[in-house]
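A look at the structure
Below are the chains, spelled out letter by letter.
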Amino acid sequence: MSQIENVLHESRRFQPTAEFQARARINNEITYQRMYRQSLEDPEGFWGRIARELPWTAQWTKVLDWSKAPFAKWFVGGQINASAACLDRHLATPVANKVALLWEGEPGDTRQVTYSELADEVGRLANGLRSLGVKKGDRVAIYMPMLIESVVAMLACARIGAAHSVVFGGFSAQALRERIQDGGCTAVITADGGFRRGQIQALKPAVDEALLGLKEVHSVVVVKRGGNPVGWKEGRDHWYHELTKQSSSNCVPEAMDSEDVLFLLYTSGSTGKPKGIVHTTGGYLVGTYLTFQHVFDIRPEDIYWCTADIGWITGHSYVVYGPLQNGATVFLYEGAPNTPHLGRLWEMVQKHKLTILYTAPTAIRTFMRWGDEHPGRFDLSSLRLLGTVGEPINPEAWMWYHRVIGRERCPIVDTWWQTETGAIMITPLPGLTATKPGSCTRPFFGVDAAVVDEKGQELATNQGGFLVLKRPWPSMLRGIWNDPERYVQTYWGKFGHMYLAGDGSRRDEDGYFWVMGRIDDVLNVSGHRLSTMEVESALVSHPKVVEAAVVARPDELTGQAICAFVTVRSGEKVGPQLKVDLGEHVAREIGKLARPAEIRFTEALPKTRSGKIMRRLLRDIAAGVETVGDTSTIEDYSVLAKLRADEE
Ligand code: PRX
């Protein structure tokens, strides 16, 4: 709730410049209001009109079937292939010869492909995958650095009707294995390794480890990038360049039903088990197509950069499917932002004359800390629009982004959405909306968002409560893989007819939303979702640990940082070495991003009489603030006193 107060005093407003506004698709309130009203009053008419701009191969009979809510069907009976929507649709137009992907490797090597070249490469890999026995309805795991081939891999799966399940390359072998097993993947696309901070980050060894004893995976396709030596399993492993060289580029896209699965993407919930969020084809394409067009007000000459890795939803929707459907030129970067120097990003903006930059608040805060002199050394005048996503942005970071990167000319779109929503839900429209630092402003077309109390009653202006979406939308998740119950429970269990986003929010006097962060046991570290349970399970799997509780504490740089309270087996020695070991252990189990920023050893954890760990108290201790509110259910007060004493 402290965040509510924080931003309540924010009264600065920023209008788009007259020049930006003049050229924008939607640049007046009347048009916006009319379209927004239509989208809510006649959603089927609205979405049907948009969907007709996409290359369907069979017409749908009904826009929305919500009769089995909360399981939605959009564009019922329609057929469309996602790779054809991103590629083939442009091939008979001038876009065919436009650059689709412009890539820079960390060492500075560059490569670009036009839409027609990308279509050829996708066709070759698609045929290659088919030759390995991958077919419609299968699942394929993708575990890659940021390469052109990573996008090719996603689109090749889509082309032959196999669902992709991209696992972020920073995840450990163990985390990859769990996701491969849960998704029932039968093939993996990976790379030997990629460049990260001047070193090769090897990926293939993690795949080998993840696949130990997993007979279901018959094929592994390996892109050669790092040049690092890799183990090889004959019959299973295939070099990407050899596989694609042998294949024809001509691959007829599989006819996909609008509701066929396009991809699974695992994300964290409040239990230890990651959720495989299911997205299907038609509605997802329509949602990403329209949001990309309007939120970035994309123009033919734009060179657009979204810094997200394809391992996250932002990489799916706004590196691949949204931009490519719109025929945009997308910039990709392989490596770290501080290699070989702290101005690397800005150097690339200048070098490639990038026009749009979409990144995360945690990155912005990092750049802020590195100092103004780094962006100051480069010409950023090509930039015309900035975006943020992934977590609430504090007004100070917003102002820095506006001043130092946007040079007070570029609108900032602070976009609120989730893995589950598939596409941007609450956002400014850059040529119209007056922005306020820290607010994601107003709902996008077709989005009926509200802030409600415990009972589902809409709250008055500026009161904090649950952020909900009151109706289905085309790009919504269709469920959790293999767990329909959990889908209903998690998102629809609380209010029944409204989607529970799991975020706290308030809405101000202008109807602007101010998202305050998660209300469940989900951490948001550097814009990445992790569940407290997952990190706890990893800690407890260490032989010396008996119990662990993980909470988030505010962190200037990463938004939230992980603070772990750990109880060890009696007789075990606690100390700095064990902290290091436990950190390493978590990094191995889940990935480096889950490594706790702080570990505190304790003889016991504060619990209620029913045995529930009192996280609220731990959060206060981690944040170094006084505990307010009810502690009457605590079982043993001495635990709390000890924890507090340790702090000093
Ligand atoms: O808490 C919200 C935060 O990120 C969560 C979704 O995380 P994920 O599924 O990993 O997707 C991130 C990229 C879409 C949300 O529930 N979040 C995302 N965008 C914003 C945000 N919080 C505040 N402002 C945002 N713009």
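Please refer to the structure placed before this passage.
The structure reproduced in this document is the subject of the present report. Source: prediction; values computed, not measured.

Here we look at the nonpolar core
Ranked by size, the top nonpolar core spans 163 residues in total, and within it Phe296, Tyr321 and Leu324 carry the most contacts. Element by element, the count of residues in this core is highest for helix α7 (residues 148–160), at 10 residues. Ignoring sequence-local partners within four residues, the contact set of Tyr321 consists of Ala82, Cys86, Met154, Leu155, Ala158, His164, Leu262, Tyr284, Leu285, Thr288 and His316.

A few points about helix α17 (residues 484–492)
When α17 is considered as a whole, its buried residues turn out to be Arg486, Tyr487, Tyr491 and Trp492. Elements that come into contact with the buried residues of α17 comprise β13 (275–280), β21 (479–480) and β22 (499–507).

Some words on the pattern of salt bridges
Pairing between side chains of opposite charge can happen when their charged atoms approach one another. A complete count under the given rule lists 40 salt bridges for this structure. In this structure, Glu259 engages Arg478 in a salt bridge whose closest nitrogen and oxygen atoms are separated by 2.9 Å. On the criterion of sequence distance, the pair formed by Glu259 in the loop between α10 (240–245) and β12 (261–267) and Arg478 in the loop between β20 (465–469) and β21 is long-range, its members being 219 residues apart. Glu454 is paired through a salt bridge with Lys494; the nearest N and O atoms lie 2.7 Å apart.

Concerning the environment of Ala449
Assignment of secondary structure puts Ala449 in strand β19 (residues 449–452). Each C-alpha atom, one on Ala449 and one on Leu467, is 7.1 Å from the other, the two residues being 18 residues apart in sequence. Setting aside chain neighbours within four positions, we find Ala449 in contact with Ile426, Pro443, Leu467, Val468, Leu469, Arg507 and Phe513.

Section: the pairing of strand β28 (residues 598–601)
The pairing of strand β27 (residues 559–568) with β28 spans four bridges and is parallel. Within β28, the position partnered with Cys563 by the bridge is Glu598.

Thoughts on the packing of aromatic side chains
Each aromatic ring pair is summarised here by two numbers: the centre-to-centre distance and the angle between the ring planes. Scanning the model with the defined rule gives 34 aromatic pairs in all. Between Phe263 and Tyr284 the ring centres are 5.0 Å apart and the planes differ by 85°, which places this aromatic pair in the edge-to-face class. With Phe263 in strand β12 and Tyr284 in helix α11 (residues 282–295), this residue pair connects regions lying 21 residues apart in the sequence. Classification of Tyr284 by relative accessible area gives buried; the value is 1%. An aromatic cluster of three or more residues is present, and its members are Trp66, Phe71, Trp473, Tyr487, Tyr491, Trp492 and Tyr499. For the cation-ring pair, Arg179 lies above Phe171, with the distance from its terminal atom to the ring centre recorded as 4.5 Å. Its guanidinium or amino end placed over the ring of Tyr512, Lys436 lies 4.5 Å from that ring's centre, counting from NZ or CZ.

Some words on the site of the ligand
Taken together, 17 residues lie near the ligand, and Asp414, Thr415, Thr419, Asp503 and Arg518 sit nearest. A distance of 3.3 Å separates a nitrogen atom of the ligand from a polar backbone atom of Pro392. Contact distances for the ligand include 2.7 Å between an oxygen atom and a side-chain N or O atom of Asp503. Looking at the shell around the ligand, the elements that each hand over two or more residues are α12 (313–325), β18 (412–415) and β23 (513–518). Class assignment of the residues belonging to the shell around the ligand gives a composition of six nonpolar, six polar and five charged.

What counts, and at which threshold
Residues numbered from 1 in each chain as written. Predicted model: local features only at pLDDT ≥ 70, side-chain atom pairs only at ≥ 80, totals over all residues. Heavy atoms only, no water. Core = buried A, V, L, I, M, F, W, Y, C linked by side-chain atoms within 4.5 Å. Buried < 20%, exposed > 50% of the residue type's maximum accessible area, 1.4 Å probe, protein only. Helix = DSSP H or I, 4+ residues; strand = E, 2+ residues; numbered from the N terminus. Contact = heavy atoms within 4.5 Å. Salt bridge = Lys/Arg side-chain N within 4 Å of Asp/Glu carboxyl O. Pairing = 2+ DSSP bridges. Phe/Tyr/Trp six-rings, centres within 6.5 Å; stacked < 30°, edge-to-face > 60°. Lys NZ or Arg CZ within 6 Å of the ring centre and 35° of its normal. Near = heavy atom within 4 Å. Polar contact = N/O pair within 3.5 Å; in protein donor to acceptor, adjacent residues only side chain to side chain. Nonpolar A, V, L, I, M, F, W, Y, C, P; charged D, E, K, R; others polar.

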